[in-house]
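Listed below are the residues making up each chain.
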Amino acid sequence: MKSRREFLKLSACAVVGIAGAGLSFAEQRINLSTNKKNMKFPLVALEYAYDALEPSIDAKTVEIHHDKHQATYVAKLNDAISSDPSFSYNGSLTMLLSDLGKVPEKIRTAVRNNGGGAWNHEFYWKGLGPSAEKAPSGALGEAIKKSFGDFENFKKQLSAAAVNCFGSGWAWLGVDKEGNLKICSTPNQDSPIMGSEIAKCDMIPIFNIDVWEHAYYLKYQNLRAAYVDAIWNVINWDKLEARFEKALKDGKVML
Ligand code: MN3
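Residues numbered from 1 in each chain as written. Predicted model: local features only at pLDDT ≥ 70, side-chain atom pairs only at ≥ 80, totals over all residues. Heavy atoms only, no water.

## Section: the overall build of the protein chain
Here is step 1: The number of helices and strands found in the protein chain is 11 helices and three strands.
Here is step 2: Of the regular secondary structure in the protein chain, the N- to C-terminal order runs α-α-α-α-α-α-α-β-β-α-β-α-α-α.
Here is step 3: Taken over 255 residues, the protein chain has a buried fraction of 51%.
Here is step 4: When the accessible surface of the protein chain is summed, it comes to about 12100 Å², and 54% of that surface belongs to carbon and sulfur atoms. (Helix = DSSP H or I, 4+ residues; strand = E, 2+ residues; numbered from the N terminus. Buried < 20%, exposed > 50% of the residue type's maximum accessible area, 1.4 Å probe, protein only. Areas by Shrake-Rupley, 256 points an atom, 1.4 Å probe, with all protein chains shown as cover.)

Here you go:
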């Protein structure tokens, strides 16, 4: 049994730029027609308006983060895959990332970085929402008490994993092989779904926090901790509950 402290071990986590324009929710969706018709992996639309997470996460940040940063990962993932005609793949992005060894070496790093970027962001947006709930109530709430003592201690530990992740990366909450909740962080766009050899984060993830500067710099500048604190106002607990139940029942991740 590993100690909680071990789960909080820091990992080396780099940086990105900024730009954009204001669009309505309807326009956002039309904007997604920028997805090329033959893209194997499309940019998945947000399930809420850019301003739905205000004031915790401002509309401009959501817009640029999704429409520019995430879109770039998606485009580069598709470019990498189409650059190697010998590689034919018809499964999901989740499956692809969980078995990177099967990806030709020539494009493997590009798939890891950009596929990870595409997947991690889809997972991130779906774990957030204009939620009225401030804490989980069902089985996940119980599991948090069991693993962390109480909600405040859990909040402190997950926040610390996010704030202390050096450089750019992600903090994660997930379920380990024994069914216990676990916290870790990964550098760059690595993800627990890539397996423990790559991510050093052995879990089925149920929530992630993006700590790349592009996730918060417009509103919070250097104050990563203030962004992490605000994330707690916009967690989609229903989604996390569903992910938790699926992880326990089927041993599978749910986007
Ligand atoms: Mn990001």
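After presenting the structure, the write-up continues.
## Thoughts on the coordination of the manganese ion
Here is step 1: Looking at the manganese ion, one finds its protein donor set to be His-65 (NE2), His-121 (NE2), Asp-210 (OD) and His-214 (NE2), positioned 1.9 to 2.2 Å from the metal centre.
Here is step 2: Positions of the donor residues of the manganese ion along the chain correspond to the pattern H-x55-H-x88-D-x3-H. Of this pair, His-121 sits in helix H5 (residues 105-126) while Asp-210 is found in strand S3 (residues 204-210), placing the two residues 89 residues apart along the sequence. Across this residue pair, the class does not change: His-121 and Asp-210 are buried. (Donors = N, O, S within 2.8 Å, 3.2 Å for Na, K, Ca; no water.)

## A short note on the pattern of salt bridges
Here is step 1: Summed over the entire model, instances satisfying the criterion amount to six salt bridges.
Here is step 2: The salt bridge involving Lys-102 is made with Asp-99; its shortest N-O contact spans 2.8 Å.
Here is step 3: By relative accessible area, which is 64% here, Lys-102 ends up exposed.
Here is step 4: Residue Asp-99 is classed as partly exposed on the basis of its relative accessible area of 34%.
Here is step 5: Across the pair Asp-202 and Lys-177 runs a salt bridge whose closest N-O atoms are separated by 2.7 Å. (Salt bridge = Lys/Arg side-chain N within 4 Å of Asp/Glu carboxyl O.)

## Some words on helix H6 (residues 139-148)
Here is step 1: All of the buried residues in H6 are Leu-140, Gly-141, Ala-143, Ile-144, Ser-147 and Phe-148. Axial view of H6: buried residues confined to an arc of 160 degrees, hence all on one face. (Arc of directions from axis to C-beta.)

## Regarding the packing of aromatic side chains
Here is step 1: This structure, assessed with the given rule, holds 15 aromatic pairs.
Here is step 2: Here Phe-41 and Tyr-89 contribute two aromatic rings whose centre-to-centre distance is 6.5 Å and whose plane-to-plane angle is 35 degrees, an arrangement assigned as tilted. Residue Phe-41 is located in the loop between helix H2 (25-31) and helix H3 (59-82), and its partner Tyr-89 is located in the loop between H3 and helix H4 (93-97); the two are separated by 48 residues in the primary sequence. Each member of the pair, Phe-41 as well as Tyr-89, is classed as buried.
Here is step 3: Following the ring pairs from residue to residue traces out a cluster consisting of Trp-119, Phe-123, Tyr-124, Trp-125, Trp-170 and Trp-172. (Phe/Tyr/Trp six-rings, centres within 6.5 Å; stacked < 30°, edge-to-face > 60°.)

By themselves, these observations are geometric and do not establish any function.
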